[in-house]
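So you can see what is in the structure, the chains are spelled out below.
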Amino acid sequence: MSMAERKALCLEMVAAWNRWDLSGIIKHWSPDIVHYSEDNEVSSADMVKLMEGGLKAFPDLQLEVKSIMAEEDRVALRITVTATHQGEFMGVQPTGQRVSWHLVEELRFADGKVVEHWDVINMRPLLVRLGKLPDVPKVALEASV
């Protein structure tokens, strides 16, 4: 499988997310795939539960790929997610608010399947919007660096 084919497969999985078709993502996973979220290993069963929970809380969820890069057997994507908060999330009842967050995904392929998956999620914009974190002005953030 070429780097271009791996990138195309990743974009196909993003398109499946945007159709709310989890099976369209999972079919590209190797049976022995290993997931890491924020460097913590997550079972496939738990990853599917997280995905299903995300779609329950944000049923109109849409991913926008901001960049995609491939090297050897890996593909990395930088993504912005937008959605409407329509279901309970982290103890917050539905607000109807439009929200967004950002993530980076890295996928390693073998024999045409995803065998390792890493994600790092910046949920700060979402948590601020839902009132779970204070909104710190950009100036204050820059001053703390």
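Refer to the preceding data block for the structure.
This one's a predicted model, so the numbers in the text were calculated from it and none came from an experiment.

Cut-offs and rules
- Throughout this document, residue positions are counted from 1 along each chain, in the order its sequence is written.
- Restriction of local features to residues with pLDDT of at least 70 applies here, the model being predicted, together with a cutoff of 80 or more for giving and counting side-chain atom pairs; totals for whole chains, interfaces and linings are based on all residues.
- Hydrogens are left out, water is left out, and the side-chain values use all remaining heavy atoms of the structure.
- Strands are runs of DSSP state E lasting at least 2 residues, helices are runs of H or I lasting at least 4, and numbering of each runs from the N terminus.
- Buried means the residue's accessible area, taken with a 1.4 Å probe over protein chains only, is under 20% of the maximum for its type, while exposed means over 50%, and partly exposed covers the values in between.
- Pairs of residues are marked as contacts when any of their non-hydrogen atoms sit within 4.5 Å.
- Each accessible area is a Shrake-Rupley estimate made with a 1.4 Å probe; only the visible protein chains count as cover when residues are assessed.
- Counting rule applied: Lys, Arg positive; Asp, Glu negative; His and chain ends not counted.
- A charged residue contributes its charge at one atom only: NZ of Lys, CZ of Arg, CG of Asp or CD of Glu.
- Throughout, the protein atoms alone are placed on a 1 Å grid, and a set of points is a cavity if a 1.4 Å probe fits but cannot get out or a pocket if it is open with protein on both sides within 12 Å along at least five of seven lines; lining residues have an atom within 4 Å of a point.
- Grid points are joined across faces, edges and corners, and a volume is the space filled by probe spheres set on the points.
- Whether two strands pair depends on DSSP finding at least two bridges between them.
- Each salt bridge in this description consists of a side-chain nitrogen of Lys or Arg and a carboxyl oxygen of Asp or Glu lying within 4 Å of one another.
- To estimate the expected span of a helix, subtract one from its residue number and multiply by 1.5 Å.
- Pairs of N or O atoms are called polar contacts if they sit within 3.5 Å, as long as, within protein, a hydrogen donor faces a hydrogen acceptor (for residues adjacent in sequence, only side-chain-to-side-chain pairs).

(A) Broad picture of the overall build of the protein chain. Looking only at helices and strands, the protein chain has five helices and six strands in total. Counting helices and strands in the order they occur from the N terminus, the protein chain gives α-α-β-β-α-β-β-β-β-α-α. C-alpha extents for the protein chain along the principal axes are approximately 45 × 35 × 25 Å. Here the protein chain holds 145 residues, and the buried ones make up 37% of them. Within the protein chain, residue pairs in contact and separated by at least 24 positions form 54% of the contacts whose partners lie at least 6 positions apart. Here the protein chain displays about 8,300 Å² of accessible surface, and carbon together with sulfur accounts for 55% of that area. Positive and negative charge centroids in the protein chain, built from 16 and 22 side chains respectively, lie 6 Å apart.

(B) Examining the layout of surface pockets more closely. Here the largest pocket is characterised by a volume of approximately 730 Å³. The wall of the largest pocket is formed by 31 residues, among which Trp 17, Met 51, Glu 105, Asp 119 and Ile 121 lie closest to the centre. Of all elements in the fold, only helix 1 (3-18), strand 1 (29-37), helix 3 (44-57), strand 4 (74-84), strand 5 (98-110) and strand 6 (113-122) reach the threshold of two or more residues within the lining of the largest pocket. A per-element tally of the lining of the largest pocket places helix 3 first, with five residues.

(C) Structural detail: the pairing of strand 5. Residues Val 99, Trp 101, Leu 103, Glu 105, Leu 107 and Phe 109 of strand 5 are buried on one face, while the alternating residues Arg 98, Ser 100, His 102, Val 104, Glu 106, Arg 108 and Ala 110, pointing to the opposite face, are not. Pairing geometry for strand 4 and strand 5, over 11 bridges, is antiparallel. Within strand 5, the residue paired with Thr 80 across the bridge is His 102. Where strand 5 and strand 6 come together, nine bridges link them in antiparallel fashion.

(D) Geometry of the pattern of salt bridges. All told, the structure shown has seven salt bridges when counted by the stated rule. As a salt-bridge pair, Arg 19 and Asp 21 come within 3.4 Å of each other at their nearest N and O atoms. On the basis of relative accessible area, Arg 19 is assigned to the partly exposed category, the value being 49%. Taking relative accessible area as the criterion, Asp 21 reaches 24% and is therefore assigned partly exposed. Salt bridges sharing common partners tie together Asp 73, Arg 74, Glu 106, Arg 108 and Glu 116.

(E) Fine view of helix 3. Relative to the 20 Å expected for 14 residues at 1.5 Å per residue, helix 3 spans 20 Å between its end C-alpha atoms, a close match to the ideal helical length. Listing the buried residues of helix 3 in full gives Met 47, Val 48, Met 51, Gly 54, Leu 55 and Ala 57. Buried residues along helix 3 sit in contact with helix 1, helix 2 (23-26), strand 1, strand 2 (40-42), strand 4 and strand 6.

(F) Geometry of the pairing of strand 6. In terms of strand pairing, strand 1 meets strand 6 through five bridges, oriented parallel. When the sheet's bridge partners are listed, Ser 37 is paired in strand 6 with Asp 119.

(G) Structural view of the environment of His 85. Counting through the fold element by element, His 85 comes out in the loop between strand 4 and strand 5. On the basis of relative accessibility, which here comes to 0%, the residue His 85 falls in the buried class. Separated by 28 residues in the primary sequence, His 85 and Ala 57 have C-alpha atoms spaced 5.9 Å apart. Here His 85 is in contact with Ala 57, Phe 58, Val 92, Gln 93, Pro 94, Thr 95, Gly 96, Gln 97 and Leu 130, once residues within four sequence places are set aside. There is a polar contact of 3.4 Å between the side chain of His 85 and the backbone oxygen of Val 92. Within the structure, His 85 has its side chain in polar contact with the side chain of Thr 95 (distance 3.0 Å).

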